[in-house]
Amino acid sequence: MAKIIVVTSGKGGVGKTTTSAAIAAGLAAGGEKTVVIDFDVGLRNLDLIMGCERRVVYDLVNVINGEANLNQALIKDKRLENLFILPASQTRDKDALTHEGVEQVLNELKESFEYIICDSPAGIEKGAQLALYFADEAIIVTNPEVSSVRDSDRIIGILHSKSRRAEQQLDPVKEQLLLTRYDPLRVEKGEMLSVEDVEEILSIPLLGVIPESLAVLKASNQGIPVSFDEQSDAGKAYLDAVQRFKGNDVPHRFLEAQKPGLLKRMFGG
């Protein structure tokens, strides 16, 4: 049965789209037929990170308005057989999304896909609310700073009260925490919240900790999901998160500051 997963946060710039692309690519690489939808109408970025911006002809709003069918709007990833992208519109505003239209698109996608990843815009405006409403599971993306964590706590409150599962008194949305841009050295200096601090505030299971890494920016600029970069710490951390998401017991890495080796201590660098 298809699962609808929303990737969300209260604050912008925490890595939701990077996470949506990485998780979707990781699931598809494991053989799961996966589609990732950009809900950020007017400010779409998912197609850039997925490297398919030049192939966008129709988008989510076109499908909702009956100007194109899903088959016309879905973009098949060039690298993975099981990965598809449904881009957002760059020329409409958030009100172009309707409850009925989004529900119809999701129901149609459920017939063909095992995982439907919804890349939510930041905040609590219409696009974000619609992405949250239909979710079966939620990946809450946050940075280890107080304002980001506080805003994520508000999103958790909305999932508890305004999701379809809450309205229909079904099992609650399964929530998991993904902590991004983590720097153990800054944690040691007291400049950043620790994993334990964030877990204590949000009280949801930890899916993964993504270390601060230039590989994320490099992958975004190249139009490649960072989970394809299996040599980078960030790529490894995202692939670990995908395995945990699928129910596998994988230990967390990159939580401790790396101590310099003897040669570095002697000669610097």
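Since we're looking at a predicted model, the values are computed, not measured.

**Quick notes on the overall build of the protein**
Here is step 1: Check the secondary structure of the protein and you find 13 helices and eight strands.
Here is step 2: A globule of 269 residues ought to have a C-alpha radius of gyration of about 18 Å, and the protein, at 18 Å, matches this closely.
Here is step 3: Taking the principal axes of the C-alpha coordinates as reference, the protein spans close to 65 × 40 × 35 Å.
Here is step 4: In the protein, buried positions account for 54% of the 269 residues.
Here is step 5: Considering only intrachain contacts with a sequence separation of at least 6, the fraction spanning at least 24 residues in the protein is 74%.
Here is step 6: Averaging the coordinates of the 31 positive side-chain charges in the protein and doing the same for the 40 negative ones gives two points 4 Å apart.

**Here's the deal with the pairing of strand 5 (residues 115-119)**
Here is step 1: With five of five residues buried, strand 5 is to be regarded as a mostly interior element.
Here is step 2: Residue alternation in strand 5 divides its side chains into two sets, Tyr115, Ile117 and Asp119 and Ile116 and Cys118, and both sets are buried.
Here is step 3: Bridge analysis of strand 2 (residues 34-38) against strand 5 gives five bridges, and the strand direction is parallel. Residue pairing in the sheet places Val35 in a bridge with Ile116 of strand 5.

**Structural notes on the sheet that holds strand 1 (residues 3-8)**
Here is step 1: Pairing within the open sheet is mixed, and its eight strands lie in the order 3-4-2-5-1-6-7-8. Two strands bound the open sheet, and with one partner strand each, they are strand 3 (75-76) and strand 8 (206-211).
Here is step 2: In this fold helix 7 (residues 146-162) packs onto strand 1, strand 6 (137-142) and strand 7 (174-182), with an angle of close to 165° to the strand it touches most, strand 6.

**Section: the pattern of salt bridges**
Here is step 1: All chains considered together, the criterion is met by 12 salt bridges.
Here is step 2: The salt bridge partner of Glu32 is Lys246, with a shortest N-O separation of 4.0 Å. With Glu32 in the loop between helix 1 (16-29) and strand 2 and Lys246 in the loop between helix 12 (233-245) and helix 13 (262-267), the pair connects residues that are 214 residues apart, well separated along the chain.
Here is step 3: Under the relative-accessibility criterion, Glu32 is labelled buried at 17%.
Here is step 4: Given a relative accessible area of 31%, Lys246 falls into the partly exposed group.

**What to know about helix 7**
Here is step 1: Given a rise of 1.5 Å per residue, 17 residues ought to cover 24 Å, and the 24 Å separating the end C-alpha atoms of helix 7 matches this to within 8%.
Here is step 2: Here helix 7 has its buried residues at Ser148, Val149, Ser152, Ile155, Ile156, Ile158 and Leu159. Taken down its axis, helix 7 places every buried residue within 165° of arc, on the same side. Seen from the buried face of helix 7, the exposed residues on the opposite side, beyond 90 degrees, are Val146, Arg150, Arg154, His160 and Lys162.
Here is step 3: Buried residues along helix 7 sit against strand 1, helix 6 (126-133), strand 6, helix 8 (164-167), strand 7 and helix 10 (195-202).

**Examining helix 10**
Here is step 1: Along helix 10, the positions that sit buried rather than exposed are Val195, Val198 and Leu202. Angularly, the buried residues of helix 10 cover 70° about the axis, an arc narrow enough to put them on a single face. Away from its buried face, by an angle of more than 90 degrees, helix 10 presents the exposed residues Glu196 and Glu200.
Here is step 2: Along its buried surface, helix 10 packs onto strand 6, helix 7, strand 7 and strand 8.
Here is step 3: Of the residues flanking the end of helix 10, it is Ser203, one or two places downstream, whose phi is positive at about 55°.

**As for the side chain of Thr180**
Here is step 1: As for its placement among the helices and strands, Thr180 is situated in strand 7.
Here is step 2: At 2.7 Å, the side chain of Thr180 forms a polar contact with the backbone oxygen of Val14.
Here is step 3: A polar contact is formed between the side chain of Thr180 and the side chain of Asn143, at a distance of 2.7 Å.
Here is step 4: The residues contacting Thr180, other than those within four sequence positions of it, are Val14, Thr19, Val141, Thr142, Asn143, Pro144, Ile210 and Tyr238.

**As for the packing of helix 7 against helix 10**
Here is step 1: At a minimum axis distance of 10 Å, the contact between helix 7 and helix 10 shows a crossing angle of 35°. Our pair here, helix 7 against helix 10, has a crossing hand that is right-handed. Residue-level inspection shows Val149, Ser152, Asp153 and Ile156 of helix 7 in contact with helix 10, the latter providing Val198, Ile201 and Leu202.
Here is step 2: Taken together, the residues that form the contact of helix 7 with helix 10 break down as five nonpolar, one polar and one charged.

**Examining unusual backbone geometry**
Glycine aside, a negative phi is what most residues show, and trans is what most peptide bonds show.
Here is step 1: Positioned with a positive phi, Gln169 is a non-glycine residue whose angle comes to about 55°.
Here is step 2: Residue position: Gln169 is located in the loop between helix 8 and strand 7.
Here is step 3: We note that Phe254 has phi near 65°; this positive angle belongs to a residue other than glycine.
Here is step 4: Using a relative accessible area of 18% as the deciding quantity, one classes Phe254 as buried.

Calculation notes
- Residues numbered from 1 in each chain as written.
- Predicted model: local features only at pLDDT ≥ 70, side-chain atom pairs only at ≥ 80, totals over all residues.
- Heavy atoms only, no water.
- Helix = DSSP H or I, 4+ residues; strand = E, 2+ residues; numbered from the N terminus.
- Rg over C-alpha atoms; globule rule 2.2 N^0.38 Å.
- Buried < 20%, exposed > 50% of the residue type's maximum accessible area, 1.4 Å probe, protein only.
- Contact = heavy atoms within 4.5 Å.
- Lys, Arg positive; Asp, Glu negative; His and termini not counted.
- Charge placed at Lys NZ, Arg CZ, Asp CG, Glu CD.
- Pairing = 2+ DSSP bridges.
- Axes fitted to C-alpha atoms, helices over the stretch in contact; angles between N-to-C directions.
- Salt bridge = Lys/Arg side-chain N within 4 Å of Asp/Glu carboxyl O.
- Expected span 1.5 Å × (residues − 1).
- Arc of directions from axis to C-beta.
- Polar contact = N/O pair within 3.5 Å; in protein donor to acceptor, adjacent residues only side chain to side chain.
- Left-handed = near helix turned anticlockwise from the far one by under 90°.
- Nonpolar A, V, L, I, M, F, W, Y, C, P; charged D, E, K, R; others polar.

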